[in-house]
Amino acid sequence: MDKTTKKKNLALEFILLFGLISALGDITYEGARSIYGSYLGVLGANAVAVGLITGFGEFLGYAIRAVSGYFIDKTGNSWIVTTIGYAMLISVPLLALAEHWEIAALFIILERIGKAVRSPGKDTMISHATKHIGSGFGFGISEALDQIGAIIGPLIFTVCLSSFGGYKQGVQIMWAPAILTIAVVLYTKHKYPNPSQFETITVSGGAANQKPQASKRKVSADYWLYSLFIFFSVLGFAGFPILSYHFLFQRILNQAAIPTLYAVAMAIDGLLAVFIGKLYDRMGIKVLVSISLLSIAVSVLGFSTSTAFAVISILLWGCVMSIHETVMKAAISDITPVADRGKAFGYFNTIYGMAMLIGNSAMGFIYERSVLYVILYAVIIEVLSIAVFLAFINNLKREQRKRS
């Protein structure tokens, strides 16, 4: 076996190991996320608290990534933050200790912080290994295994709620995948202590390329208009916890059906990603307007009193999440130069998280007054996001005319 083939096989093994880590991690935290809203409600939280807790958790889950990424850039050590982040998965089974919603809220927020801490390190290490098998193929393997876990986790809660009728049994079972995740992380760290060695780039003289210098110029007007569109589109998008709270306490769905629907949404998210990506490549950035239109449909159907509409809303919710995680990020790569890409994604994560915090909190607050007002809020915000999107498209066209 030649040296190149051996390195390629080692890179593939590393990616598969991280795929296993992602799958086990997703069984743990995606399983728990499928019942956050209803579980908090059962413990006594109202819609305001559910929206605020989950919104704040999502905000931290994105905003802290910038800090974690900065630490990696400064130290060059991805394993430290990655290991700490995965170790924080134990906050999920610790939910079984919560007798009050305030304690459950603490564990939920800790779980989201763990996701934020580990994500930049995980993605950085995988990116090194993908250079030997292709970036798209490498990340595709990781995402596919990731989504398998995202489907299994909620289904575990479905079985637990159907068989035992309680949430605590479900979160206690999560000790198994959480501990297995940490064990595989430690094994992978021991076997591949320095994944950056997978990626060796040289210039013609044989010396290593210098790290690209970050751009000091301001991010373009196109980017800020696009960011404003992201903010408003996410601001009006109903999160799964507030929807599941509505389903349970309006007696639209039983508690066992809620994690099942979340698993279906995760399956749609994964299956649709490739199709959405190809559609974006063919149609361009205008496909993004579907985010706002689908988000309106999610709220109109999801906050109704119809079981059929509730199911349809979650199917559409999975579609929106797929677009968020593929096209929304791809567009940033297309409208920002390479030298600005790092800070562009950093701003994106912060803006996305802030919108989730404000949007979920607002929906929870409004829900306590009137379900109809929640729908009106969502429609108004998403229409505003469409207006911003049209302004963004017009600005892009003006810039193209100037260059031509």
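Here the structure is a predicted model, which is why all the values come from computation and not from measurement.

Focus: the packing of helix α10 (residues 240-249) against helix α13 (residues 307-325)
Two elements in contact, α10 and α13, have axes separated by 12 Å at closest approach and are oriented at 170°. Classified by the angle their axes make, α10 and α13 are roughly antiparallel. Residues F240, L243 and F247 of α10 form the contact with α13, whose participating residues are A310, S313, I314 and W317. Looking at side-chain class alone, the contact of α10 with α13 contains six nonpolar, one polar and no charged residues.

Considering a nonpolar patch on the surface
On the surface, a nonpolar cluster with roughly 430 Å² of combined accessible area is contributed by L372, Y373, L376 and I380. In this fold, L372 is placed in helix α16 (residues 371-403).

Remarks on the environment of S361
With respect to the element layout, S361 can be found in helix α15 (residues 341-367). You can call S361 buried: its relative accessible area is 16%. The spatial distance from the C-alpha of S361 to the C-alpha of F56 is 8.2 Å, given a sequence separation of 305 residues. Those residues within four positions of S361 in sequence are excluded, and the remaining contacts are G51 and L52.

Let's talk about empty space enclosed by the protein
Taken as a whole, this structure holds one cavity of 30 Å³ or more when the rule is applied. Estimated volume of the largest cavity: approximately 50 Å³. Forming the boundary of the largest cavity are I21, S22, G25, D26, Y29, Y86, K115, R118, S119, K122 and D146. Those elements giving two or more residues to the lining of the largest cavity turn out to be α1 (3-33) and α5 (101-130). Among the elements that make up the lining of the largest cavity, the one with the highest residue count is α1 (five residues). Across the lining of the largest cavity, the residue classes break down as three nonpolar, three polar and five charged.

Focus on the packing of helix α9 (residues 221-235) against α16
Following both chains from N to C, one finds α9 and α16 inclined at 165°, their axes separated by 8 Å at the closest point. Viewed along their axes, α9 and α16 adopt a mutual orientation that is roughly antiparallel. Judged by the twist between their axes, the crossing of α9 over α16 is left-handed. Taken together, the residues of α16 that come into contact with α9 (itself represented by A221, D222, L225, Y226, L228, F229, F232, S233 and L235) are Y377, I381, E382, L384, S385, V388, F389, A391, F392, N395, L396 and E399. In the contact of α9 with α16, the residues fall into 15 nonpolar, three polar and three charged.

Procedures and definitions
- Residues numbered from 1 in each chain as written.
- Predicted model: local features only at pLDDT ≥ 70, side-chain atom pairs only at ≥ 80, totals over all residues.
- Heavy atoms only, no water.
- Axes fitted to C-alpha atoms, helices over the stretch in contact; angles between N-to-C directions.
- Helix = DSSP H or I, 4+ residues; strand = E, 2+ residues; numbered from the N terminus.
- Parallel < 35°, antiparallel > 145°, perpendicular 65-115°, else oblique.
- Contact = heavy atoms within 4.5 Å.
- Nonpolar A, V, L, I, M, F, W, Y, C, P; charged D, E, K, R; others polar.
- Patch = residues over 30% accessible without salt bridge, like charges linked within 9 Å, V, L, I, M, F, W, Y side chains within 5 Å.
- Areas by Shrake-Rupley, 256 points an atom, 1.4 Å probe, with all protein chains shown as cover.
- Salt bridge = Lys/Arg side-chain N within 4 Å of Asp/Glu carboxyl O.
- Buried < 20%, exposed > 50% of the residue type's maximum accessible area, 1.4 Å probe, protein only.
- 1 Å grid on protein atoms, 1.4 Å probe; cavity = no way out; pocket = protein on both sides within 12 Å on 5 of 7 lines; lining within 4 Å.
- Points joined across faces, edges and corners; volume = space filled by probe spheres on them.
- Left-handed = near helix turned anticlockwise from the far one by under 90°.

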